Amino acid sequence: MASRARLVAQGVAIGLVALLFILLAWSLLNDDGGDLAKQANRGDRPTAPDFTLERLDRDGELELSSLRGKAVVLNLWASWCIPCKDEAPYLEQVWRSRRDDGVVVVGLDAKDFRSDARRFADRFDLTFPLVYDGPGHTLDGYNATGFPETFVIDREGRVVAAFAGAVNGEVERARLASAIDEALST
Amino acid sequence: MTRLAGVVVVATLLLAGIAAAAAPPDAADLEAELVCPVCETTLDQSNAPVAERMKAFIRARIAAGASEQEIKDALVAQFGTEVLAKPPEGGFGLLAWLLPLAAVVVGAVVVGLLIRSWSRRRGPPPAADEHLDPQLERLVDEELARFDS
């Protein structure tokens, strides 16, 4: 009786290990970029994770979902990030030139000191809404791997395109303009 | 005389305590107790830009006379409790301290139960003075006699 129970226990243990191996193999074989950026760039239009964060540029909070009906260019940045410094003036330009079309640029500063972030905004004369997430919890939802990253979100809160790294070259800027048009067209 | 020696000892201990409390916090100690939010290693192990910025912040706050706790609180206010290498000993952070203890206790109970169960399953050892069947004893004696001859 005891040896039968032992056999059953060994069978269950071997079965569990085999199941874990199957799951590992399945996840490796199906790793086609399950993260948000890859889904967006495949055209899947995943829903942008909502957040409510404190404003850096003024008092109060900003809830992403409150911007439904507008196209949102969500830029993840930090003051210590060197490519972010090159990108910031261009994002300000996008905000000023497209805001009347219904485009909102939102800068999400993370893993940073508030004071440094405010100095950065002053230095580059940023006038678009800025929010602060010191611990960087929001980054997990966006599967962000570094700074900067930019997500273009359509009027219904779905991610149309994602940019890992600064949107600085002509090709990337053209892609951003095209993604904004696509986000506005929904 | 004994009373005087006691007073001296107590005064010395008090002065040592006051001196320790008044001493500025050590930057190296703090860097070993705080975590870089980007690379998630302690600050003394990291040279990420934000870690360097945090080290500069710590030194500036020490120079300004801040206590160790004040510096930690200021960094938690910026980066959250994740910045502490050791979880806080209260609230949700208390779980990080209690769960390993609970796991040890549960493990000890499980091991104890298993040992008890195994020792019962074996049954009592054969009695030392147990007699052989007379017929079997006779056969053994005959075999032994034949072996000796």
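Throughout this document, residue positions are counted from 1 along each chain, in the order its sequence is written. The lettering of chains begins at A and the numbering of ligands begins at 1, in the order of writing. Two thresholds apply to this predicted model, a pLDDT of at least 70 for residue-level local features and 80 or more for giving and counting side-chain atom pairs, whereas whole-chain, interface and lining totals are computed over all residues.

### Points about the overall build of chain A
- Counting its regular elements, chain A contains 6 helices and 7 strands.
- Counts of 20 or more other C-beta atoms within 10 Å of a residue's own C-beta define buried residues, counts of 12 or fewer define exposed ones, and intermediate counts define partly exposed ones; C-beta atoms are placed from the backbone. Expressed as a percentage of the 186 residues in chain A, the buried residues total 36%.
- It is the C-beta atoms, placed from the backbone, that decide contacts: two residues are in contact if theirs lie within 7 Å. Across chain A, every contact between residues at least 6 apart in sequence was considered, and the portion connecting residues at least 24 apart equals 71%. For helices the rule is a DSSP run of H or I covering at least 4 residues; for strands it is a run of E covering at least 2, with both sets numbered from the N terminus onward.

### Things to note about the sheet that holds strand 5 (residues 130–133) of chain A
Residues and elements named next belong to chain A.
- By the convention used here, strands pair only if DSSP detects at least 2 bridges between them. The strand order across the open sheet formed by 7 strands is 2-1-5-4-3-6-7, and the pairing between neighbours is mixed. Each of the sheet's edge strands pairs with one partner strand only, and the pair in question is strand 2 (61–63) and strand 7 (159–164). Each neighbouring strand pair of the sheet contributes to a mean axis angle of 30 degrees, computed without reference to strand direction.
- Two elements, strand 3 (residues 71–77) and strand 6 (residues 149–153), share 5 bridges in a ladder whose sense is antiparallel. Axis lines are fitted to C-alpha atoms, over the contacting stretch for helices. Their N-to-C directions set the angle, which ranges from 0 to 180 degrees.

### Brief notes about the interface of chain B and chain A
- At the junction of the two partners, chain B supplies 10 residues and chain A supplies 11 residues.
- Elements that contribute at least two residues to the side of chain B that touches chain A include exactly helix 3 (49–63) and helix 4 (68–79) of chain B.
- A total of 3 residues in the side of chain B that touches chain A trace back to one element, the largest contributor, which is helix 3 of chain B.
- Amino acids are sorted into nonpolar (Ala, Val, Leu, Ile, Met, Phe, Trp, Tyr, Cys and Pro), charged (Asp, Glu, Lys and Arg) and polar (every other residue, Gly among them). Tallied by class, residues from the side of chain B that touches chain A come to 5 nonpolar, 2 polar and 3 charged.

### Side note on the confidence of the model for chain B
Residue and element names in this part refer to chain B.
- Confidence in the prediction for chain B averages 83 pLDDT; 74% of positions are at 70 or higher.
- Residue-level confidence of the predictor, termed pLDDT, takes values from 0 up to 100. No element of chain B has a lower mean pLDDT than helix 1 (residues 2–22), which averages 62, and none a higher one than helix 3, which averages 97.
- At the level of chain-chain contacts, confidence expressed as ipTM amounts to 0.74, with global pTM at 0.69.

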